[in-house]
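Spelled out, the chains give:
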Amino acid sequence: MRSIGEMARDSGLSVSALRFYDRAGVLVPAWVDPVSGYRWYGPEQCEEARLLTRLRRAGMPLPDIRLVLAGWSGADTDLVRKLLQAHLRRLELGLSDARSEFSAVRALLEGREKPMTSLRTAAVRLTVPAAELAAALDAVRFAAGTDPELPMLGGVLFDIEGEALRVVATDRYRMAVARARATGHDGVREQVIVPAPLADAMRALLSGEDGDGPVRLSVDGDRVTLEAGDRQASGQRLDHDFPDYRRLVRLPSGRRAVVDVLAFREALETGPVRTSETPGPDGAPCDLSVLRPAADGTVTVCADGEGDADDQNHVAVNREFLLDALAAGARDRLVLEFGAPTAPLAVRRPDAEDTFSLLMPVRLEN
């Protein structure tokens, strides 16, 4: 017999995933201690757990997996083969439908694409308070993308308009926006995507600057330069267009809760987690924190069995992403703004509404 911890180690499933599959009736422990409630698994269940993992990666729904596991050890494998074949047909049909829809979308895109110019000709000069630009980079850098298939997200957007420099980063799963004052630019709106390594070099340059002193940001064609005294960080901008982030941050007002960051971090780090059935950005399952705001302004980190998929008063988010957002918030107290379970969770500073991050929710499976 294996304990739940040993089963997690040997099967590759996390403890929270094993608990989830027990509640779902998919992989039920061979024995549960009636006093402690501790789960114990039989020798053959490790193979079943590994099989379950493969089937979930292939997108098979839980009801079908339950039947596959039930018929796996039997002499007649006809049911298992038919379930596998039926799921494969569903995947093939889904792929065919997706190809058809994508072809239609591409046709629409080709009909509206603007001629692309390989040479950027903009010339922009502005000054920014060093401390404000440093704080803005610190607030958004964690959300920059690393997917080589989406190079336009692999940097930090500098959105220059009027007397404001907005700094934005997103990897699709989260987005962060910050603002710094800017002077010297009175032309049209200009957007520049600064590659992540160059953004890091700019931040390092700012570390030695007087917080109240200005630094100079310039854009000449395809090059962007930050100057601080006699030192500078310069490089080539990314030759891509950033998505229209403004339409992505227009959220209906939701329920707000002010959290003490230190106490909330401790609750997240030591509290219960779920394992996502949907792979995260790195392709692996991620730990989720399920949050429920209360009418009195408090936020609860839900335990196993609470906040299931039909519960409309919760949101499930990637725990690591939420911890990153709390650190980037750089305040002792932050505002969490909850909408529907399918709406992003907003993390805002109480004293600076234009500096915030958004975390996409993760769907819980019942």
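Residues numbered from 1 in each chain as written. Predicted model: local features only at pLDDT ≥ 70, side-chain atom pairs only at ≥ 80, totals over all residues. Heavy atoms only, no water.

Per an unreviewed UniProt entry, the protein chain carries the name MerR family transcriptional regulator and comes from Streptomyces phaeochromogenes. According to the UniProt record, the Sequence similarities (unreviewed entry) comment for the protein chain reads "Belongs to the beta sliding clamp family." According to its UniProt record, the protein chain has this under Subcellular location (unreviewed entry): "Cytoplasm". (UniProt positions renumbered as here; feature names shortened; annotations may be inferred.)

Asker: Any chance you could break down the nonpolar core for me, citing the residues and the numbers?
Answerer: Counting 59 residues, the largest nonpolar core has Leu133, Phe158, Met202, Phe264, Leu291 and Leu322 as its most contacted members. Each residue touching Leu133, except ones within four places of it in the same chain, is listed here: Val128, Phe158, Leu165, Val167, Ala180, Leu206, Val215 and Leu226. Residues Phe20, Val26, Cys46 and Ile65 belong to the second largest nonpolar core, which totals 24 residues. (Core = buried A, V, L, I, M, F, W, Y, C linked by side-chain atoms within 4.5 Å. Buried < 20%, exposed > 50% of the residue type's maximum accessible area, 1.4 Å probe, protein only. Contact = heavy atoms within 4.5 Å.)

Asker: Tell me what's going on with the packing of aromatic side chains, and back it up with residues and numbers.
Answerer: If you walk through the whole model with that rule in mind, you get two aromatic pairs. Arranged with centres 5.2 Å apart and planes meeting at 65°, the rings of Phe20 and Tyr21 form a pair that is edge-to-face. Just as Phe20 is buried, Tyr21 falls in that class too. For the pair Tyr38 and Trp40, a centre-to-centre distance of 6.0 Å together with 65° between the ring planes defines the contact as edge-to-face. Of the residues examined, Tyr38 reaches a relative accessible area of 39% and is grouped as partly exposed. The exposure class assigned to Trp40 is partly exposed, which follows from its relative accessible area of 28%. Looking at Arg174, its charged tip hangs above the ring of Phe321, at a distance of 3.7 Å from the centre. (Phe/Tyr/Trp six-rings, centres within 6.5 Å; stacked < 30°, edge-to-face > 60°. Lys NZ or Arg CZ within 6 Å of the ring centre and 35° of its normal.)

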